[in-house]
Amino acid sequence: HLLLPVRNRFLAALSSLPWRRHLCSSISSRSTATTTADDDLEHWLEHAPAPGAELRGILTAAKYGGQHRVSMIPGSGIGPELMAVVKQTLLAARAHVDFEELQTSAEGAVTPEEMRRIVMSIQRNGVALKGNLESLEASTDFISIGGAAAKNAQLRAKLGLFAYVQRCKSIEGLPTRHRDIDILVVRQNTEGEYNQLEHFNVDGVVESLKVVTEARCRQIAEFAFQTAIKTRRKKVTAVHKANIMKLSDGLFLDVCRQVAQSYPDIEFNDMIVDNCCMQLTSQPQQFDLMLLPNLYGNIVGNIAAGLVGGAGVASGMNVGSRCAVFECGVRVSGQAMRGRDLANPCGLLLASADMLEYLGEAADARRVRMAVLAALAGGVRTRDLGGSAGTNEVTAAIVDWLQRNSA
């Protein structure tokens, strides 16, 4: 009790320090930048810290000798060969990045020791680029083997990566059903069904708990509206199933409506998730920024990615108050394509460009992104995009563009 006044004064002093630091602030402060419809690629990765982050501080990404230190987790399946493409491409772009590579089995599930090393590395470096982490397939034997948490969800929870941001934008030259799509999907990333709280009540009966908290709903809603402001989005659509799940999704919707009242310049509406999926496939241009709980965000994000070209061109980022993890926008291991020169590297390369943007290396990010888009526009595409090129041919075209257009 005697030390309590001293403690309070100490905490008050800490909270008054200028701890807020956005890694991308240099992007928005450049007076020479030309603002066009496409230039918002340079801004959309800015993010607001989580509530209370100003008291904890924002972890600065590690940088040594002018080089950013980034954790690289190849993951399973085609992950290792795609990471090799990333390293080759960023070398050609002369990006200021050094990777701390953490190997996992390309064939099986990630072990607890591998997960421990991955978490420690990301906490140390503040930024990571990762492939898909495989877990054991679902089965009713989970109870007999002590459970098997999904590793990607486990990593997000451990690192406090509360938001998943995925931009789905039409790419010039790709044959898709719809044109002029530009959707930003913001997904709550750590709770709901992904808490993985399941158990057998009796044989043949499984109970699964969906946990939704007001604090996390408010956190993701505030983040979404702040992101809308920074990326010059005009409309936020909250997606839910509150007509059936009246308490859990009802709480999410109520909080979104409350937060929306603080942003009168941004149009807000809500949509039931099943209707949203139909509307997304029939008239996707009506959506601007979509705000979703965890499970719906996963489903809708995959649909949106499919509308603009599929898993091979989708990128995403996981955001926390202390670190960020970049990856392909659709989490697939691609075991069947492993080692066959079939994998499309564009999604992970676009995620790498987003990562460079986050690190403040806007010029390098723009060049990598332009090289990928130039290859696609030039018809150098893998089979999933209707082409005949292999991974190596696509990589060569991208590297060649970077070398011919060196800074």
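Above this text sits the structure in question.
Residues numbered from 1 in each chain as written. Predicted model: local features only at pLDDT ≥ 70, side-chain atom pairs only at ≥ 80, totals over all residues. Heavy atoms only, no water.

J.: Can you walk me through the overall build of the protein in this structure?
T.: Each helix and strand in the protein was counted, giving 14 helices and 13 strands. The buried share of the protein, reckoned over its 407 residues, is 51%. Sequence-distant contacts, at least 24 apart, represent 75% of the contacts inside the protein between residues at least 6 apart. (Helix = DSSP H or I, 4+ residues; strand = E, 2+ residues; numbered from the N terminus. Buried < 20%, exposed > 50% of the residue type's maximum accessible area, 1.4 Å probe, protein only. Contact = heavy atoms within 4.5 Å.)

J.: Sorry if this is basic, but what is going on with the pattern of salt bridges here?
T.: Two side chains of opposite charge can pair, provided their charged atoms sit close to one another. Counted according to the given criterion, the structure contains 16 salt bridges. Asp182 is the partner of Arg167 in a salt bridge, and the nearest nitrogen-oxygen pair spans 2.7 Å. Remark: Asp182 occurs in strand β6 (residues 182-188) and Arg167 occurs in strand β5 (residues 163-169); sequence separation between them is 15 residues. Residue class for Arg167 comes out buried when judged on its relative accessible area of 9%. Of the residues examined, Asp182 reaches a relative accessible area of 22% and is grouped as partly exposed. Between Glu357 and Arg369 there is a salt bridge, with the nearest N and O atoms lying 3.3 Å from each other. Here Arg369 lies in helix α13 (residues 362-377) and Glu357 lies in helix α12 (residues 346-358), a separation of twelve residues in the sequence. Neither Glu357 nor Arg369 differs from the other in exposure class; each is buried. A single salt-bridge network, built from bridges that share partners, covers Arg167, Lys169, Asp182, Arg233 and Asp288. (Salt bridge = Lys/Arg side-chain N within 4 Å of Asp/Glu carboxyl O.)

J.: Looking at this structure, I do not really get the packing of aromatic side chains. What am I missing?
T.: The geometry of an aromatic ring pair comes down to the distance between the two centres and the angle between the two planes. Tallied over the entire structure, the rule returns four aromatic pairs. Their ring planes at 85° and their centres at 5.6 Å tell us that Phe162 and Phe223 sit as a pair that is edge-to-face. On the criterion of sequence distance, the pair formed by Phe162 in the loop between α7 (151-159) and β5 and Phe223 in helix α8 (residues 214-230) is long-range, its members being 61 residues apart. Taken individually, Phe162 and Phe223 each receive the classification buried, so the pair is uniform in this respect. Ring pairing ties together the aromatic residues Phe225, Tyr263 and Phe268, which thus form one cluster. Against the face of Tyr164 rests Arg187, its NZ or CZ located 5.8 Å from the ring centre. The residue whose ring lies beneath Arg187 is Tyr194, and the NZ or CZ to ring-centre distance is 5.1 Å. (Phe/Tyr/Trp six-rings, centres within 6.5 Å; stacked < 30°, edge-to-face > 60°. Lys NZ or Arg CZ within 6 Å of the ring centre and 35° of its normal.)

J.: I'm lost on the packing of helix α5 (residues 112-125) against α7 in this one. Help?
T.: Helices that pack against each other are described as a pair by the angle of their axes relative to one another and the distance between those axes. At their nearest, the axes of α5 and α7 sit 11 Å apart, and the two run at 40° to each other. In terms of axis orientation, α5 runs oblique to α7. Relative to α7, the crossing made by α5 is right-handed. On the side of α5, the interface is formed by Met115, Ile118, Val119, Ile122 and Gln123, while α7 contributes Lys151, Gln154, Leu155, Lys158 and Leu159. (Axes fitted to C-alpha atoms, helices over the stretch in contact; angles between N-to-C directions. Parallel < 35°, antiparallel > 145°, perpendicular 65-115°, else oblique. Left-handed = near helix turned anticlockwise from the far one by under 90°.)

J.: Quick question: what am I supposed to make of the pairing of strand β13 (residues 324-328) here?
T.: Within β13, five of the five residues are buried, which leaves it mostly tucked inside the rest of the structure. Across three bridges, the pairing between strand β4 (residues 127-130) and β13 is parallel. Among the inter-strand pairings, Leu129 is bridged to a residue of β13, identified as Phe326. Between strand β12 (residues 315-319) and β13, which follow one another and run antiparallel, lie four residues. (Pairing = 2+ DSSP bridges.)

J.: It is not clear to me how the environment of Gly65 should be interpreted in this structure. Could you clarify?
T.: Within the element layout of this structure, Gly65 appears in the loop between β1 (63-64) and β2 (67-73). In this structure, the C-alpha to C-alpha distance between Gly65 and His96, residues 31 residues apart in sequence, is 9.7 Å.

J.: Help me understand a nonpolar patch on the surface in this model?
T.: Together, Leu197, Leu209 and Val211 make up a nonpolar patch on the protein surface, roughly 210 Å² of accessible area in all. Among the secondary structure elements, Val211 is positioned in strand β8 (residues 205-211). (Patch = residues over 30% accessible without salt bridge, like charges linked within 9 Å, V, L, I, M, F, W, Y side chains within 5 Å. Areas by Shrake-Rupley, 256 points an atom, 1.4 Å probe, with all protein chains shown as cover.)

J.: Would you take a moment to explain helix α11 (residues 294-307) for this structure?
T.: Each α-helix winds once per 3.6 residues, and so residues spaced three or four apart point in a common direction. With 14 residues, α11 should cover 20 Å at 1.5 Å per step; its first-to-last C-alpha distance of 20 Å lies within 8% of that length. Restricting attention to buried positions, one finds in α11 the residues Asn294, Tyr296, Gly297, Val300, Gly301, Ala304, Ala305 and Leu307. All buried residues of α11 project into a common sector of 155° when viewed along the axis, lining one side. Gly309 sits one or two residues past α11 and shows a positive phi near 140°. (Expected span 1.5 Å × (residues − 1). Arc of directions from axis to C-beta.)

J.: What am I meant to see in the side chain of Gln166 here?
T.: Examined against the element boundaries, Gln166 turns out to sit in strand β5. Using a relative accessible area of 2% as the deciding quantity, one classes Gln166 as buried. Polar contacts involving the side chain of Gln166 include one to the main-chain carbonyl oxygen of Gly301, which spans 3.1 Å. (Polar contact = N/O pair within 3.5 Å; in protein donor to acceptor, adjacent residues only side chain to side chain.)

J.: Any chance you could explain the nonpolar core here in plain terms?
T.: Across soluble globular proteins, nonpolar side chains have a tendency to be buried as a group. Counting 71 residues, the largest nonpolar core has Phe99, Leu129, Leu291 and Met355 as the members making the most contacts within it. If one sorts the elements of this core by residue count, α12 sits on top with nine residues. Here this core gathers at least three residues from each of two domains, domain 1 (56-165 + 314-406) and domain 2 (177-308). Beyond its immediate chain neighbours, meaning those up to four positions away, Phe99 contacts Arg69, Val70, Met72, Val86, Lys87, Leu90, Leu129 and Met355. By size, the runner-up hydrophobic cluster in this structure holds 21 residues, among which are Ile181, Val273, Tyr296 and Ala304. (Core = buried A, V, L, I, M, F, W, Y, C linked by side-chain atoms within 4.5 Å. Domains from an automatic or database assignment.)

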